[in-house]
Amino acid sequence: MAGGVLSFPLTSFHDDGSLDPDGFRTHVAARIATTPGAVFPACGTGEFFSLDEDEYRTVVTITVEEAAGRVPVVAGVGYGWAQAARFARIAEEAGADALLVLPHYLVAAPQDGLVAQLEQVAARTRLPLIAYQRGQVAFTASSLKRIAAIPGVIGLKDGHSDLDRLQRLTLAAPEGFLFFNGASTAEIQARAYATVGVPAYSSAVHAFAPEIANAFFAALRDGDDKAVEKLLRDFYVPLVELRDRVPGYAVSLVKAAARLRGQPVGPVRAPLTDPSAADLAELTTLLATGLDLVGAAL
């Protein structure tokens, strides 16, 4: 999966909020055509928290069909372990290759409980699991050793960006255990993550501008610091500053940018809200700037 950016497609909705399977098929096919390292449907960027089980099945099935074995399909599952196991069964039936276990719902939990959550999900699926630490989920080094010993748990996606803690986790992990940079707009911290042994990262930008995401990945891979810093300074940092203005913009700005590129993704579902007219105008200018930096057009 470190051979390309990790793509998190958006889930397409009609204007009335209903699922748009045809729009999603068009969107995910276009993402897969740009050869990401893997594709992660129905995760945070894909509004997993807004999908019912039938919609989830449709989204994962379409992704598997469009991937056709060319890239791994890692579907999101979440909530408590009982519900996560229900979604895991659906993903397994749909042909997914692995699962990303999203942070559980609402409550804080001790380390023993975080480990038990993964044990319960792993016992109910044949698919490999990648744990996602973010929000109320944060593993210690000793817990990392325990989850790495659970049959089927193959990796950890980190969204905390605490590099001291993350370094301790990578050192505690057995050989071959996978780690992923799952910070919001992960490119901002990609170089820092790589220094502690975590080069693979997810890219929300890939959902609307794979040209930018792939150009950044190539510059980072090739050690082209000048190109990396130009993209960070002129595109990624302003994008993060815009994203941080309103809760939920980590998804709704991405969806708005995809609509600007002609992708049939539709609006976000409540409780998220689409960007204001002023923020959308700023996003349009920023997107044009980013595309121009890599020789692409809006």
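See above for the structure.
Because the structure is predicted, anything quoted here is derived from the model rather than measured.

Visitor: So what exactly am I meant to see when it comes to helix α10 (residues 249-260) here?
Guide: Since the α-helix advances by 3.6 residues per turn, residues separated by three or four positions end up pointing in the same direction. Spanning twelve residues, α10 covers 15 Å between terminal C-alpha atoms, matching the ideal 16 Å at 1.5 Å per step. With nine of twelve residues buried, α10 lies mostly within the body of the structure. Listed as buried for α10 are Y249, V251, S252, L253, V254, K255, A256, A257 and A258. The secondary structure elements touched by the buried residues of α10 are α9 (225-243) and α11 (277-293). Remark: G262 follows α10 within two positions and exhibits a positive phi of approximately 85 degrees.

Visitor: Which parts of the structure should I look at to understand the sheet that holds strand β2 (residues 38-39)?
Guide: What holds strands together in a sheet is hydrogen bonding between their backbones, with the strands either parallel or antiparallel. Strand order in this open sheet of three strands is β2-β1-β8, and the pairing throughout is parallel. Looking along the sheet, the strands with just one partner apiece sit at the ends: β2 and β8 (202-203). Across two bridges, strand β1 (residues 6-7) lies against β2 in parallel orientation. Bridging from a neighbouring strand, L6 pairs with A38 of β2.

Visitor: Just checking my understanding: could you explain the pairing of strand β5 (residues 129-133) for this structure?
Guide: The side chains of a regular strand alternate, first on one face of the sheet and then on the other. Most of β5 is tucked away: five of the five residues are buried. Going residue by residue along β5, you find L129, A131 and Q133 tucked away on one face and I130 and Y132 tucked away on the opposite face as well. In terms of handedness, the path from β5 via helix α5 (residues 141-148) over to strand β6 (residues 153-158) forms a crossover that is right-handed.

Visitor: Help me understand the side chain of D20 in this model?
Guide: You can see D20 is positioned in the loop between β1 and α1 (21-32). Buried within the structure, D20 lacks any salt-bridge partner; its nearest side chain of opposite charge belongs to K255, at an N-O separation of 9.4 Å. Ignoring sequence-local partners within four residues, the contact set of D20 consists of S12, F13, H14 and P264.

Thresholds, definitions, all that
- Residues numbered from 1 in each chain as written.
- Predicted model: local features only at pLDDT ≥ 70, side-chain atom pairs only at ≥ 80, totals over all residues.
- Heavy atoms only, no water.
- Helix = DSSP H or I, 4+ residues; strand = E, 2+ residues; numbered from the N terminus.
- Expected span 1.5 Å × (residues − 1).
- Buried < 20%, exposed > 50% of the residue type's maximum accessible area, 1.4 Å probe, protein only.
- Contact = heavy atoms within 4.5 Å.
- Pairing = 2+ DSSP bridges.
- Right-handed = clockwise from strand over helix to strand, strands pointing away.
- Lys, Arg positive; Asp, Glu negative; His and termini not counted.
- Salt bridge = Lys/Arg side-chain N within 4 Å of Asp/Glu carboxyl O.

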